[in-house]
Every structure is written in structure tokens, then in C-alpha cells.
Amino acid sequence: MNERWRGRWKTGLPILVVVILGVALLTGRLSPRTQVLTTTRMLMGTLVSISTWGVPPARSDRAVNRAFAEMARIEDVMSSHRPTTEVSRINQVSRETWIPLSDALGQLLQQGLVLTERSNQAFAMGLEPLTGLWGFSSDRAVSAPPPSSAWQAWLQAYPATGAIELRELPDHTRQIRLKSASVGLDLGGIAKGYAVDQAIAVLRQEGVDNAIVDAGGDLRVIGSKGGEPWRIGLQHPRQTDQVAAVSLLQGDMAMMTSGDYERFFLHEGQRYHHIMDPGTGTPAQSGLSSVSVQGVGGSIAHGLSTAIFVLGAERGLALLKQFPGSEALLITTEGQPIQTPGFVGTWLAKP
């Protein structure tokens, strides 16, 4: 996948999205039903925070614990670094073999392949061998690019289309087939959004109507905070001590961000980052440093942020139009914002 989860899934520095919860954090002065209750755990290689509003503490704890358990379950299915996960087992099977899929992984792959087709292959879920070549699939520090012969050989072998094939059987189960040894599942550019979606679904099952799930900057909100929106600050990709924009989100809204500052190294004056362009076999050079996408679902918003980053502003915004209800804030490598009309956010950064 173009983009790994942080830590084992996405091993870089997390995009800093600040959730400003305001005076409701002063829980000692408020009744349980007017408190924002926040729990933070290390999960998927990043800090994941779940906050609820207007729920008694015992009920909130039960719901939040279930939501964290669901996110952990998804990581156990979709991580490409743990040898026992479903994704790892698929990567270990001989290519051209049809392999049964769990419902969750089958559904996510189906969503991802829609993005792959509509983005003209800019969004890809089969790049595990490529990210391995560049060293971004491990926790070790990387300081230099691989020999050009290595990624050029991968580029020549990688299928132009049909790298990942899905089929549905008469019993409605799905199977997957990877086309060649140059293909391996890496779901880092979509799976965290899926995990956030599923955590929100669990909270709703538990009767929580007002909450935010923030997985290291990739987040989704439902409801509000006592009638007030959840206030989200988005870090500037170059000026790390600055908040570039603030979004006031409420109702049901996901916001996912892809950037070249999460994990990168500088070599001979050039920045090399972890978001791979499957068309070149190298880190994407699209003139963008950050892409934030808002939409009603985390999976699609996450995949779109990755695809737009690879495509660049013009082609990326054309892709965005194919997903009604999705809006974006793009930040160029020069630090200039490109904001679609419906993006909920105010640009704050100084030139």
C-alpha cells in the first residue's frame, strides 16, 4: 500500500491532529452527562484516543473498551508485519493461487479496488515488496535510497493492471489472488480508516451518540460536544510548531490525512518519504506535502488522501469529484493551501 500505518503499520512520526476539548475536560466540575471522557492507548503503532460526551463513566468505559478491542482485532487481521495475520499469510502463499478471505478483509479490499480503478492505479494495495525495498516497511532508520536497479526491476515486474484479483463465490464469500511475486498486500493507505469506522460502529452499538475516535490524526466524529463541534487542529507539514488549519466537525464526519512528513529521510538534499507512486517505483513527487480528506466514511477518505497525494492537485481533485460528499485540503510543497469549497476548516498558517 502507498502508505503504512504508524509504528508497525506506519512507522513514522504521527501527523499531529490536536483535538481541543475545551473546558469539558475539567471533569471534576461537571456532571457525568456533560463530561468529555477520553481514553488513550498505544495501538497500531500510534496513540489512539477515544472521547465520548454525555455518557456516564461506566457506560463510556464499556463502549470504549469494546471499540479498542475491535481496532486491535482489525490490526490482527490486516497488519503485514505480524506473521500470523491474515494479510501476512496471504503474502506467504504462492502467487496465482486463490485464497479464501474473511468478510472484513474481503469488504475492505473491494472498497480499495474501486479506488484503484478510479485513480488509474495511483492507489495500490499490492506494494509491500516495493516499500520493503525502500526500507519503509521496517522500524529501522533509513538514510539512503535503494540502488535504482532494485526499484526499476520491481517496476518492470509489477503488473500494470490486475495486481490483486478478487472473486465472489456462490455462497457470497470472497477469494483473492496475487498476480506475481512483485505483489504483496500492504493496506496502510486504507486500513486505519476502516479501523476507525469500525470503532465508531461499536460505540453506536453501545448507545454512544457523541464521540471522536482519533488514531494518530486519522479520525472520525459523531454527534457533538454538548451542542458544540469537535475542534480539530491540523499540523503544518513543514512548520511543525504551527497549526495550519482548524476544523469544527460535528454530525458524522471522518478526516484522514496523508503527508510526506510522517516518515522520511533526506539524502543529498532531497526528501524521500514513505508514500510510494506505483507508476514510478519511487516516493510520490506530486508537488504536495499533505492531503486531508473529509467524508462520511474513514476507509474511503483514507484511501482518497493517499491517492490524491500520489496524483497531485489537478488529477487528485478530479478523482475527488467521483466521490460525492468528499472534500479536501491540499497543502503544496511551497506551503500553499488548496481547499475545496465544502471542506470544513479555516486556514491559519502564515506565509
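Criteria and thresholds
- Residues numbered from 1 in each chain as written.
- Predicted model: local features only at pLDDT ≥ 70, side-chain atom pairs only at ≥ 80, totals over all residues.
- Heavy atoms only, no water.
- Pairing = 2+ DSSP bridges.
- Helix = DSSP H or I, 4+ residues; strand = E, 2+ residues; numbered from the N terminus.
- Polar contact = N/O pair within 3.5 Å; in protein donor to acceptor, adjacent residues only side chain to side chain.
- Core = buried A, V, L, I, M, F, W, Y, C linked by side-chain atoms within 4.5 Å.
- Buried < 20%, exposed > 50% of the residue type's maximum accessible area, 1.4 Å probe, protein only.
- Contact = heavy atoms within 4.5 Å.
- Phe/Tyr/Trp six-rings, centres within 6.5 Å; stacked < 30°, edge-to-face > 60°.
- Axes fitted to C-alpha atoms, helices over the stretch in contact; angles between N-to-C directions.
- Salt bridge = Lys/Arg side-chain N within 4 Å of Asp/Glu carboxyl O.
- Parallel < 35°, antiparallel > 145°, perpendicular 65-115°, else oblique.
- Left-handed = near helix turned anticlockwise from the far one by under 90°.
- Nonpolar A, V, L, I, M, F, W, Y, C, P; charged D, E, K, R; others polar.

## Comments concerning the sheet that holds strand β4 (residues 99-100)
Backbone hydrogen bonds hold the strands of a sheet together, and the pairing may be parallel or antiparallel.
Part 1 of the reasoning: Strands sit in the order β4-β6-β5 across an open sheet of three strands; the sheet is antiparallel. Looking at strand neighbours, the two that pair on one side only are β4 and β5 (164-168), the edges of this open sheet.
Part 2 of the reasoning: Examined bridge by bridge, β4 and strand β6 (residues 174-178) share two bridges and lie antiparallel to one another. Counted as the bridge partner of Ile99 is Ile176 from β6.

## As for the side chain of Thr340
Part 1 of the reasoning: Along the polypeptide, Thr340 turns up in the loop between β18 (337-339) and β19 (346-347).
Part 2 of the reasoning: Among the polar contacts listed, one links the side chain of Thr340 to the backbone nitrogen of Ala328, at a separation of 3.0 Å.

## Focus: the nonpolar core
Part 1 of the reasoning: Formed by 77 residues in total, the largest nonpolar core has its most connected members in Met71, Met78, Leu105, Ile176, Leu185, Leu187 and Leu203.
Part 2 of the reasoning: Aside from chain neighbours lying at most four places away, what touches Leu203 is Ile50, Ala63, Val64, Ala67, Val208, Ala211 and Val213.
Part 3 of the reasoning: Membership of the second largest hydrophobic core comes to 14 residues, among which are Val36, Trp53, Ile212 and Met253.

## Structural notes on the packing of aromatic side chains
Part 1 of the reasoning: Within this structure, the stated rule accounts for four aromatic pairs.
Part 2 of the reasoning: Between Phe136 and Phe265, the aromatic rings sit 5.9 Å apart at their centres with planes inclined by 25°, giving stacked as the arrangement. Of this pair, Phe136 sits in the loop between α4 (128-134) and α5 (148-157) while Phe265 sits in strand β12 (residues 264-267), placing them 129 residues apart in sequence. We note that Phe136, like Phe265, is buried.
Part 3 of the reasoning: Geometrically, the ring pair formed by Phe265 and Tyr272 is stacked, given 5.2 Å between the ring centres and 20° between the ring planes. Taken as a pair, Phe265 and Tyr272 share a single burial class, namely buried.

## A word on the sheet that holds strand β2 (residues 36-43)
Part 1 of the reasoning: Taken in spatial order, the eight strands make up an open sheet running β2-β3-β7-β8-β11-β16-β17-β18, and their pairing is antiparallel. Of all strands in the sheet, those bounded by a partner on one side alone are β2 and β18. The mean inter-strand angle of the sheet, taken between neighbouring strand axes irrespective of direction, is 10°.
Part 2 of the reasoning: In this sheet, strand β16 (residues 288-295) lies alongside strand β11 (residues 251-259) in antiparallel orientation, the contact comprising six bridges. Bridge pairing links Thr257 to Ser292 in β16.
Part 3 of the reasoning: Packed onto the sheet, helix α8 (residues 313-320) meets β16, β17 (327-332) and β18 and runs at close to 170° relative to β17.

## Notes on the pattern of salt bridges
Part 1 of the reasoning: A full pass over the atoms with the stated rule returns twelve salt bridges.
Part 2 of the reasoning: The residue Arg82 makes a salt bridge to Glu75 at a minimum N-O spacing of 3.4 Å.
Part 3 of the reasoning: Taking relative accessible area as the criterion, Arg82 reaches 28% and is therefore assigned partly exposed.
Part 4 of the reasoning: For Glu75, a relative accessible area of 4% puts it in the buried group.
Part 5 of the reasoning: Residues Asp252 and Arg220 are paired through a salt bridge, measuring 2.9 Å at the closest nitrogen-oxygen approach. Of this pair, Asp252 sits in strand β11 while Arg220 is found in strand β8 (residues 218-223), placing the two residues 32 residues apart along the sequence.
Part 6 of the reasoning: Given the relative accessible area of 8%, Arg220 is considered buried.
Part 7 of the reasoning: Among the charged side chains, a network of salt bridges with common partners joins Asp197, Arg204, Arg220 and Asp252.

## Observations regarding the packing of helix α6 (residues 191-205) against helix α7 (residues 298-311)
When two helices pack together, you describe them by how their axes are tilted relative to each other and by the distance separating the axes.
Part 1 of the reasoning: Look at α6 against α7: their axes get within 7 Å of each other, and the N-to-C directions meet at 160°. Put simply, α6 runs roughly antiparallel to α7. For α6 against α7, the interelement crossing comes out right-handed. In this structure, α6 uses Ala191, Lys192, Gly193, Tyr194 and Asp197 to contact α7, whose residues at the interface are Gly298, Ser299 and His302.
Part 2 of the reasoning: For the contact of α6 with α7, the residue count by class is two nonpolar, four polar and two charged.

## Re the pairing of β8
Part 1 of the reasoning: For β8, the tally of buried residues reaches six of six residues, placing the bulk of the element in the interior.
Part 2 of the reasoning: In this structure, strand β7 (residues 211-215) lies alongside β8, joined through five bridges in antiparallel fashion. For Ile212, the partnering residue across the bridge sits in β8 and is Val221.
Part 3 of the reasoning: In sequence, β7 turns back onto β8 through a hairpin of two residues, with Gly216 there showing a positive phi of about 60°.
Part 4 of the reasoning: Bridge count between β8 and β11: five bridges; the pairing is antiparallel. Residue pairing in the sheet places Gly223 in a bridge with Gly251 of β11.

None of the figures reported here should be taken as evidence of function without further support.
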